[in-house]
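Take a look at the letters that make up each chain.
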Amino acid sequence: MPRARKTRTATRETKHVIGYVRVSTDQQVDSGAGLASQKAAIIAECERNGWHLAELIEDGGISGKTLNRPGLQKALEMLNKGEADVLMAAKLDRLSRSVKDVCQVGDMAQHYGWNLSLLDARLDTTTPHGRAQLSMMATFAQLERELIAQRTREGLAEKKAQGVVLGARPMIEDGTEELILSLRAEGRGMIAIAKELNARNVPTAKGGAWYGSTVRVVLQRRNAA
């Protein structure tokens, strides 16, 4: 990760804000449902604090399951370059539906020296209370990850005790492995083999298409047998 800057434009009396808005479906984009209210809330909050709204950035028709969104990545890049002081969203789930991802953005904000403001969660890291709140969110996100891992381990141990064979090998049709081996012997790569299998309508173990990674798994299992 690049080094954080030693000086920061946050010393400005008037903070410069990048507003971020998002809706999940193309239908919402076309109708404007949700976008207008998000923008209005951000504008009102900036006016209340006397902050300058430098830019409103929108991700339309994009899920909040990942941080890899064009608009959000643009906003983060601008903030990390010092072009604004605050990333503001009207609702926490507009930034992300994952507390882990929100905490990741918070870590980035701390590293580069900008702030995060989520209006519905009343999270504002320009204040001591907001920074403490983000720290608690990170703690509980870590706790949830550890609890999930523990439940998974306990569940697998219980199944093993019951005699359930874990990681059973998916079955493919007779002759498919031999076909893959013969194509490989011809010097074809994984992707080329996958294309050939798809062209021949050879079924996979779980249905769907063949990929280079699927072919590699079959070959690795055959070599390990």
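Residues numbered from 1 in each chain as written. Predicted model: local features only at pLDDT ≥ 70, side-chain atom pairs only at ≥ 80, totals over all residues. Heavy atoms only, no water.

**Remarks on the nonpolar core**
Counting 26 residues, the largest nonpolar core has Leu87 and Trp114 as the members making the most contacts within it. Only β1 (16-23), α3 (70-80), β3 (86-89), α4 (92-95), α5 (99-112), β4 (115-118) and α6 (128-161) provide two or more residues apiece to this core. The greatest single-element share of this core, amounting to six residues, is contributed by α5. (Core = buried A, V, L, I, M, F, W, Y, C linked by side-chain atoms within 4.5 Å. Buried < 20%, exposed > 50% of the residue type's maximum accessible area, 1.4 Å probe, protein only. Helix = DSSP H or I, 4+ residues; strand = E, 2+ residues; numbered from the N terminus.)

**Description of the sheet that holds β4**
Taken together, the five strands give an open sheet; going across it, the order is β2-β1-β3-β4-β5, and neighbouring strands pair in mixed fashion. Each of the sheet's edge strands pairs with one partner strand only, and the pair in question is β2 (52-60) and β5 (123-124). Two elements, β3 and β4, share four bridges in a ladder whose sense is parallel. Each bridged residue has a counterpart across the sheet, and for Val86 the counterpart in β4 is Asn115. On the sheet, α3 packs against β1, β2 and β3 and is oriented at approximately 150° with respect to β2. (Pairing = 2+ DSSP bridges. Contact = heavy atoms within 4.5 Å. Axes fitted to C-alpha atoms, helices over the stretch in contact; angles between N-to-C directions.)

**A closer look at a nonpolar patch on the surface**
Together, Met136, Phe140, Leu143 and Leu147 make up an exposed nonpolar region whose accessible area comes to about 390 Å². Among the structural elements, Leu143 can be located in helix α6. (Patch = residues over 30% accessible without salt bridge, like charges linked within 9 Å, V, L, I, M, F, W, Y side chains within 5 Å. Areas by Shrake-Rupley, 256 points an atom, 1.4 Å probe, with all protein chains shown as cover. Salt bridge = Lys/Arg side-chain N within 4 Å of Asp/Glu carboxyl O.)

**Quick look at the pattern of salt bridges**
Side-chain pairs of opposite charge can arise where the charged atoms are in close proximity. Following the criterion strictly, the structure yields eight salt bridges and no others. Here Glu77 makes a salt bridge to Lys81, at a shortest N to O gap of 3.0 Å. By relative accessible area, Lys81 is classed as exposed at 52%. A salt bridge links Arg188 to Glu196, with the nearest nitrogen and oxygen atoms 3.3 Å apart. Each member of the salt-bridge network shares a partner with another, and the members are Glu186, Arg188, Glu196 and Arg200.

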